[in-house]
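Chain residues, written in single-letter form:
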Amino acid sequence: MTMLVASRLARLDRGAAGALSVTGRNVAAARHAAYWWVLMSGFAEPLLYLLSIGVGVGRLVGDVALPDGRLVTYAQFVAPAMLAASAMNGALAETTMNFYGKLKFMKIYDATLATPLTPMQVSSGELMWAMVRGGVYSAAFLVVMAALGLTTPLWALVAFPVSLLVGFAFGGLGMGLSTLLRSWQDFDYINVTQFGLFLFSGTFSPPGDFPPALRVIVELTPLYHGVALLRAVTTASPSWGLLWHAVYLGALAWGGLWLAGRRMEKLLLT
């Protein structure tokens with residue numbers, strides 16, 4: 001029994017080391033200054049929406065009720081949704097176009113899999129790198145939120161790992177979907193879906209404001225679960241009922257990662 005446990009732990013260590021080597025390769029490739037300007041560009045869009053709609057239009061909207069009945073300003077209501085969108089943007093940027101380009105055109109993974117690395121280790125390493133990008137977006141956005149008084153520094157610290165979970169979910173989802181794409185034109189479907197999620201996931205108005213049929217659809221979307229979690233944390237209103245959202249996002253991430261690993265094995269090793 002002891003030998004079996006030791007064998008499994010050693011296998012996990014090798015798997016983690018392999019995934020980290022893939023992440024390290026991406027870190028080394030991202031040292032060029034131009035990349036970081038591109039990286040930060042994805043942070044700008046949610047920030048502009050926050051300043052224009054959350055702060056600007058928020059003066060016309062007034063206060064908004066949270067699920068627990070407390071009233072918050074419209075900027076406080078919109079800010080965590082923009083934080084979730086920022087984490088989503090960062091994760092999807094790495095696991096859709098960038099991942100697809102490496103897989104289908106640059107053929108990086110063909111060479112990588114000639115080493116002892118497995119498709120699942122490669123997928124895990126790429127997902128960890130996507131979380132790094134999503135984490136940079138989230139940290140910068142939380143600093144802005146705290147500076148504007150839209151949350152407290154303490155709750156901002158609590159919200160950071162939650163935002164990583166959101167990025168983890170969308171990273172796994174994006175990577176899994178990327179292995180199914182046939183050409184660059186298929187990214188139009190991803191872009192439209194991503195923008196639809198941004199608009200209709202409880203970002204700018206509570207789900208209860210939608211018609212019943214649309215509300216059901218909204219509450220099934222992954223970004224809605226991220227928005228609900230982050231809104232509860234940044235407004236200091238967490239509850240045990242929020243665990244459902246975390247389970248949903250974790251399952252989405254694992255399902256996407258599993259699909260990516262299996263598809264990469266089929267595409268590159270057969």
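Report on the accompanying structure. Note that this is a predicted model, so its numbers are computed, not measured.

This paragraph deals with the overall build of the protein. Along the protein, the regular secondary structure elements total 10 helices and two strands. For the protein, the α and β elements follow one another from N to C terminus as α-α-β-β-α-α-α-α-α-α-α-α. Counting all 270 residues of the protein, 47% fall into the buried class. Within the protein, residue pairs in contact and separated by at least 24 positions form 79% of the contacts whose partners lie at least 6 positions apart. When the accessible surface of the protein is summed, it comes to about 13,400 Å², and 71% of that surface belongs to carbon and sulfur atoms.

Turning next to the packing of helix 3 (residues 74–104) against helix 7 (residues 187–199). When two helices pack together, you describe them by how their axes are tilted relative to each other and by the distance separating the axes. As a packed pair, helix 3 and helix 7 sit with axes 11 Å apart at the nearest point and diverge in direction by 175°. By the criterion of interaxial angle, the relationship of helix 3 to helix 7 is roughly antiparallel. In this structure, helix 3 uses Met82, Ala85, Met88, Asn89, Leu92, Thr96, Met97 and Tyr100 to contact helix 7, whose residues at the interface are Phe187, Ile190, Gln194, Leu197 and Phe198. Looking at the contact of helix 3 with helix 7 residue by residue, the classes come out as 10 nonpolar, three polar and no charged.

How two aromatic rings sit relative to each other is given by the distance of their centres and the angle of their planes. Inspection of the entire model under this criterion finds 10 aromatic pairs. Grouping aromatic residues by their ring pairs yields a cluster made of Tyr49, Phe195, Phe198 and Phe204. Above the ring of Phe77, the side-chain terminus of Arg231 is found at 3.6 Å from the ring centroid.

So, about the nonpolar core. Within the largest apolar cluster, 42 residues are counted, with the highest numbers of intra-cluster contacts made by Phe77, Met82, Phe141, Met145, Phe170, Leu223 and Leu230. The element contributing the most residues to this core is helix 3, with 14 residues. What Phe170 contacts, discounting residues up to four positions off in sequence, is Met88, Ala91, Leu92, Thr95, Leu197, Pro222 and Leu223. By size, the runner-up hydrophobic cluster in this structure holds 12 residues, among which are Phe99, Tyr109, Val122 and Met264.

On to the packing of helix 5 (residues 119–147) against helix 6 (residues 153–178), then. Axis separation between helix 5 and helix 6 bottoms out at 8 Å; the angle between their running directions is 140°. Our classification of the angle between helix 5 and helix 6 gives oblique. Viewed along their axes, helix 5 and helix 6 form a crossing whose handedness is right-handed. On helix 6, the residues touching Ser123, Glu126, Leu127, Met131, Gly135, Ser138, Ala139 and Leu142 of helix 5 are Ala156, Ala159, Phe160, Ser163, Leu164, Phe168, Gly171, Gly172 and Met175. Residue composition of the contact of helix 5 with helix 6, grouped by class: 10 nonpolar, six polar and one charged.

This brings us to the environment of Ile53. Take Ile53: it is sitting in helix 2 (residues 33–61). Considered as a pair, Ile53 and Ala79 are 26 residues apart in the sequence and their alpha carbons are 9.9 Å apart.

We now examine a nonpolar patch on the surface. Taken together, the side chains of Leu51, Val55 and Leu148 present a nonpolar region at the surface, about 230 Å² in accessible area. For Val55, the position within the fold is in helix 2. For Val55, a relative accessible area of 32% gives the class partly exposed.

Helix length check: helix 6 (26 residues) gives 36 Å between terminal C-alpha atoms against 38 Å at 1.5 Å per residue, within 8%. At Ala159, helix 6 shows its largest kink, close to 25°, and the proline Pro161 lies no more than four residues downstream.

Let us look at the pattern of salt bridges. In this structure the tally under the stated criterion is four salt bridges. The residue Glu219 makes a salt bridge to Arg215 at a minimum N-O spacing of 3.0 Å. With Glu219 and Arg215 both in helix 8 (residues 212–220) and four residues apart, the pair spans about one turn of that helix. Its relative accessible area of 27% is what places Glu219 among the partly exposed residues. Take Arg215: its relative accessible area is 38%, and that puts it in the partly exposed class.

On to the environment of Leu220. In this fold, Leu220 is placed in helix 8. Separated by 19 residues in the primary sequence, Leu220 and Ser201 place their C-alpha atoms 9.0 Å from one another. Those residues in contact with Leu220 that sit more than four places away from it in its chain are His225 and Tyr248.

Definitions and limits used
Residues numbered from 1 in each chain as written. Predicted model: local features only at pLDDT ≥ 70, side-chain atom pairs only at ≥ 80, totals over all residues. Heavy atoms only, no water. Helix = DSSP H or I, 4+ residues; strand = E, 2+ residues; numbered from the N terminus. Buried < 20%, exposed > 50% of the residue type's maximum accessible area, 1.4 Å probe, protein only. Contact = heavy atoms within 4.5 Å. Areas by Shrake-Rupley, 256 points an atom, 1.4 Å probe, with all protein chains shown as cover. Axes fitted to C-alpha atoms, helices over the stretch in contact; angles between N-to-C directions. Parallel < 35°, antiparallel > 145°, perpendicular 65-115°, else oblique. Nonpolar A, V, L, I, M, F, W, Y, C, P; charged D, E, K, R; others polar. Phe/Tyr/Trp six-rings, centres within 6.5 Å; stacked < 30°, edge-to-face > 60°. Lys NZ or Arg CZ within 6 Å of the ring centre and 35° of its normal. Core = buried A, V, L, I, M, F, W, Y, C linked by side-chain atoms within 4.5 Å. Left-handed = near helix turned anticlockwise from the far one by under 90°. Patch = residues over 30% accessible without salt bridge, like charges linked within 9 Å, V, L, I, M, F, W, Y side chains within 5 Å. Salt bridge = Lys/Arg side-chain N within 4 Å of Asp/Glu carboxyl O. Expected span 1.5 Å × (residues − 1). Bend = angle between axes of the 7 residues up to and from the residue.

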